[in-house]
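Architecture at a glance
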Amino acid sequence: MSDRPVLHVKGRVLTGPEDVRDELWVVDGRVSHDRPAGARDVRTVEGWALPGLVDAHCHVGLGPDGPVDAETAEKQALTDREAGTLLIRDAGSPSDTRWVDDREDLPKIVRAGRHIARTRRYIRNFAHEIEPEDLVAYVAQEARRGDGWVKLVGDWIDRDLGDLAPSWPRDAVQAAIAEAHRLGARVTAHCFAEDSLQDLVEAGIDCIEHATGLTEELIPLFAARGVAIVPTLVNIATFPRLAAGGDARFPRWSAHMRRLHERRYDTVRSAYDAGIPVYVGTDAGGSLAHGLVAGEVAELVTAGIPAVDALAATSWAARAWLGRPGLEEGAPADLVVYESDPRADVRVLASPRRVVLNGRIVE
């Protein structure tokens, strides 16, 4: 046994939506459901415990103008940690954040490499900006650099059209997704609008970010293919402000953004009702603050997703989707403790009582 204290987590431990235990132990930074023999220097933590929360759409190392320095990236990760986010799927970053992996005090990151966008069809300094003939090569490059994910920009404003439009022809994304899958990576895509979705799903994509353009006609296709969505509703809340800024130059785009915003809750609820997997993501980084995971869970509940399933979307189900453990025997002890049952009221997520990362209490 190492010199780090043994933790005794007691009260109610939610190892699953309905799997509630009275206690768990943390020994050498890992979960044990059995009391360790001869344990000394035991520290007790009481309350309602959950696996460390998941933000499945987050950008560590990204700021409004592109990549940020390591000090800023560290502050971003610490802000997420303080909110109880201990596992991040970094959905595109131009910064090399591999140094985070050596820090036991920072959240674990599953990286999707850098965004891959069409030339002059995304936010400046965020993405590789390329043409369709180079898509397969760049997807292969980012698949090798990432942690099992690649991120495409599926649509963005086309200034000639004055509205959102698909970024890639169907044959290009089909070949690129096939190459990612050959290399063992899953593919996700930023998509606000409707028109890119069918081609991406039929090409074999694994996930769609935002998915505000999901329609009743497309929902059965998503459900049949098992394509997940990460709605990022705390980000979609900014659409009216963005639309107002485009009224003079791109009125068609502005009106489209407002329509997508107005139906956002219906879109998410319809997807959930159809059995489409829905996961929590905030889109932190760029222009959006970090540490918003509790707000995103609350938004899913507002959209009509039952509280337990909204909670699963940032805990048990999200961890399983990303291939990372929860609170099973021998798993790294990453957990968050709350004053009361978050299944009864997800708003408690905004006030963690204790955060435990790699078996250590974060003070």
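In case you missed it, the structure is sitting above this.
The shown structure was predicted, so the numbers you read here are calculated from the model rather than taken from an experiment.

A short note on the packing of helix H2 (residues 135–145) against helix H3 (residues 170–182)
Here H2 crosses H3 at 25°, and the two axes come no closer than 9 Å. Comparing the axis directions of H2 and H3 gives the class roughly parallel. The element H2 and its partner H3 pack so that their crossing is right-handed. Here Leu-135, Val-136, Val-139, Ala-140 and Arg-144 of H2 lie close against H3, whose contacting residues are Ala-172, Val-173, Ala-175, Ala-176, Glu-179, Ala-180 and Arg-182. Here the residues of the contact of H2 with H3 sort into nine nonpolar, no polar and three charged.

Quick word on the layout of surface pockets
Considered as a void within the structure, the largest pocket measures approximately 780 Å³ in volume. Around the largest pocket, the lining is made up of 33 residues, and of these Ile-123, Trp-156, Phe-192, Leu-242 and Trp-253 lie nearest the centre. Put simply, the parts of the chain that give the lining of the largest pocket at least two residues each are strand S13 (155–158), helix H7 (239–246) and helix H8 (251–262). For the lining of the largest pocket, the element with the highest residue contribution is H7, accounting for five residues. Residue composition of the lining of the largest pocket, grouped by class: 15 nonpolar, 12 polar and six charged.

Focus: the pattern of salt bridges
Opposite charge on two side chains permits pairing when their charged atoms draw close. For the coordinates displayed, the defined rule picks out 24 salt bridges. Ionic pairing is found between Asp-199 and Arg-170, a salt bridge with its closest N-O pair at 3.1 Å. Here Arg-170 lies in helix H3 and Asp-199 lies in helix H4 (residues 197–202), a separation of 29 residues in the sequence. Between Asp-247 and Arg-258 there is a salt bridge, with its nearest N and O atoms 2.9 Å apart. Of this pair, Asp-247 sits in the loop between H7 and H8 while Arg-258 sits in helix H8, placing them 11 residues apart in sequence. Judged by its relative accessible area of 34%, Asp-247 falls in the partly exposed class.

Calculation criteria
Residues numbered from 1 in each chain as written. Predicted model: local features only at pLDDT ≥ 70, side-chain atom pairs only at ≥ 80, totals over all residues. Heavy atoms only, no water. Axes fitted to C-alpha atoms, helices over the stretch in contact; angles between N-to-C directions. Helix = DSSP H or I, 4+ residues; strand = E, 2+ residues; numbered from the N terminus. Parallel < 35°, antiparallel > 145°, perpendicular 65-115°, else oblique. Left-handed = near helix turned anticlockwise from the far one by under 90°. Contact = heavy atoms within 4.5 Å. Nonpolar A, V, L, I, M, F, W, Y, C, P; charged D, E, K, R; others polar. 1 Å grid on protein atoms, 1.4 Å probe; cavity = no way out; pocket = protein on both sides within 12 Å on 5 of 7 lines; lining within 4 Å. Points joined across faces, edges and corners; volume = space filled by probe spheres on them. Salt bridge = Lys/Arg side-chain N within 4 Å of Asp/Glu carboxyl O. Buried < 20%, exposed > 50% of the residue type's maximum accessible area, 1.4 Å probe, protein only.

The values are spatial; any link to function lies outside them.
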